[in-house]
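# Survey of secondary and tertiary structure
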Amino acid sequence: MKRIDGIRLGTGSGGFVPNPTIDYSVSYFFARGNTLVRSISNKLEISSDGGITFPKEVTLPTQVIPDELRLVHVFNDGDILVASHRQAFYTSNGIDWNESAYKNANGSNWTRSLHYDNFSPLNGQRPCVINGVDCLLFSNYNNNENQNVLTTPGKSYAWLSEDNGRTLKAIFSLGETICQNTGTTVTARHIHSATQDPFTGAIYMDTGDEDRNINSHWIKGVHNANNNTWTWTDLGTGHFRKTCGIHYDENYIYGVLDTENGGLIRYNRGQENNTANVTQLLTTINDCIGGVFGKNGDCLIHQAVWNASDPGNVLWYSPNKIDWTRIVLNGQDMPEGWDNTTTFIKSWQPMDNGKAFVDVQLRGTTGYHEYNFRPSVSLNAILAKYGFPNAFK
């Protein structure tokens, strides 16, 4: 295992000297295929050529304060959905916005909360196709650390839109949806991610947090095409279920391990219901909170600052998920005010041209559901600097 340490450059406040060439006011809110969306003030700028040019500009609905923007999704036909943590809106022409309808899994009206976070995902949403239809799938994280989840489960949902944002349906709800194999609901504080396995069409979710034998689940959902419903299976709880992101290839299902001695774990397909069959491919000191997986087998895991003594400003890169390089970032990689307690959060999977981004959060400044995801950092530029110019390409 290689280690590459950036050089810490001191300032009067003990922070890092920032890179003056990076515009840290910009955040990317959507990256898929060749479409890239960045947020600047109350505007969305949209690129269809992989971020080379941004010719299309869309003004956010007046109900969405720029600092409260939590989600942007561009459907294949160009329709757009945006959401704050309170409301969601869609447009088909980039001018006229309408509020989405919110539904429970049974089709009844869902009442949005004015206080809880409704629509802030922890990780960037990924493609979802249901019966050949381009859909939006994501989960809201919520922030319920001070609640007793045994009596008040987190207000977190797996959200699905099958009609370009006109309707958001809560297809899974903590404390409400019953899993077929257990006959009970799922107890947890929040949902870390909800993503679709592109090889089977199933949806997988991971929940958190402590006590991980109660709150950390892997949940699998299978779509019933005849009646457009979902059957849910609780795959179990425990140490190897406390992950922040589930990823897939033809042979394996991967999880980014959000525990002390975290890193990357792998299940053989068909064995993800048994943690005795898990293989740990990377072991870190701290927990890890997201990953980026390239089409050619390379992988980047971003480490968090919790659960152990290692710095938070650490990335782990591997060209093959076997040989890992630990990269400790220096001041030229980081925005002003960020230091070694920095947490990289909300990663985006690579675009067709290999571009990949991650957001950066200053630890302790705000609750996650109030964090505005600014700024975004180019992983390609960082990895090229540390000797990996072809990462994700």
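For the structure itself, look to the data block above.
This report concerns the structure included in the present document. (Residues numbered from 1 in each chain as written. Predicted model: local features only at pLDDT ≥ 70, side-chain atom pairs only at ≥ 80, totals over all residues. Heavy atoms only, no water.)

## Some details on the packing of aromatic side chains
- Evaluated as defined, the whole model comprises 16 aromatic pairs.
- Arranged with centres 5.8 Å apart and planes meeting at 45°, the rings of Tyr254 and Phe293 form a pair that is tilted. Of the two residues, Tyr254 is situated in strand E20 (residues 252-257) and Phe293 in strand E23 (residues 288-293); the sequence distance between them amounts to 39 residues.
- Three or more aromatic residues link up through ring pairs in this structure, and these residues are Tyr102, Trp110, Phe119, Tyr157 and Trp159.
- Its end group placed over the ring of Tyr252, Arg266 keeps NZ or CZ at 4.0 Å from the ring centre. (Phe/Tyr/Trp six-rings, centres within 6.5 Å; stacked < 30°, edge-to-face > 60°. Helix = DSSP H or I, 4+ residues; strand = E, 2+ residues; numbered from the N terminus. Lys NZ or Arg CZ within 6 Å of the ring centre and 35° of its normal.)

## What about the nonpolar core?
- Counting 19 residues, the largest nonpolar core has Leu160, Ile171, Phe172, Met205 and Trp232 as its most contacted members.
- Elements that contribute at least two residues to this core include exactly strand E11 (128-130), strand E12 (133-139), strand E13 (157-161), strand E14 (167-173), strand E15 (190-196), strand E16 (203-208) and strand E18 (229-237).
- In contact with Ile171, other than residues within four places in its own chain, are Ala105, Leu137, Ala158, Leu160, Thr177, Ile203, Trp230 and Trp232. (Core = buried A, V, L, I, M, F, W, Y, C linked by side-chain atoms within 4.5 Å. Buried < 20%, exposed > 50% of the residue type's maximum accessible area, 1.4 Å probe, protein only. Contact = heavy atoms within 4.5 Å.)

## Details of the environment of Ile301
- With respect to the helices, strands and loops of the structure, Ile301 is situated in strand E24 (residues 299-303).
- With a relative accessible area of 0%, Ile301 lands in the buried category.
- For Ile301 and Gly291, which are 10 residues apart along the polypeptide, the C-alpha to C-alpha distance reads 4.4 Å.
- Sequence-distant contacts of Ile301, defined by excluding residues within four places in its chain, comprise Val256, Gly263, Leu264, Leu282, Cys288, Gly290, Gly291, Phe293, Val314, Leu315, Trp316 and Trp324.

## Here we look at the side chain of Asp209
- Residue placement: Asp209 occurs in the loop between E16 and helix H1 (212-215).
- Among the polar contacts made by the side chain of Asp209, one reaches the side chain of His192 at a distance of 3.2 Å. (Polar contact = N/O pair within 3.5 Å; in protein donor to acceptor, adjacent residues only side chain to side chain.)

## Points about the pairing of E16
- Of all the six residues making up E16, six are buried; the element is thus mostly covered by neighbouring parts of the structure.
- Where E15 lies against E16, six bridges are found, and the strand directions are antiparallel. When the sheet's bridge partners are listed, His190 is paired in E16 with Gly208.
- Counted between consecutive antiparallel strands, the loop separating E15 from E16 contains six residues, among which Gly201 sits at a positive phi close to 85°.
- Summarising the sheet, E16 and strand E17 (residues 217-224) pair through four bridges and their orientation is antiparallel. (Pairing = 2+ DSSP bridges.)

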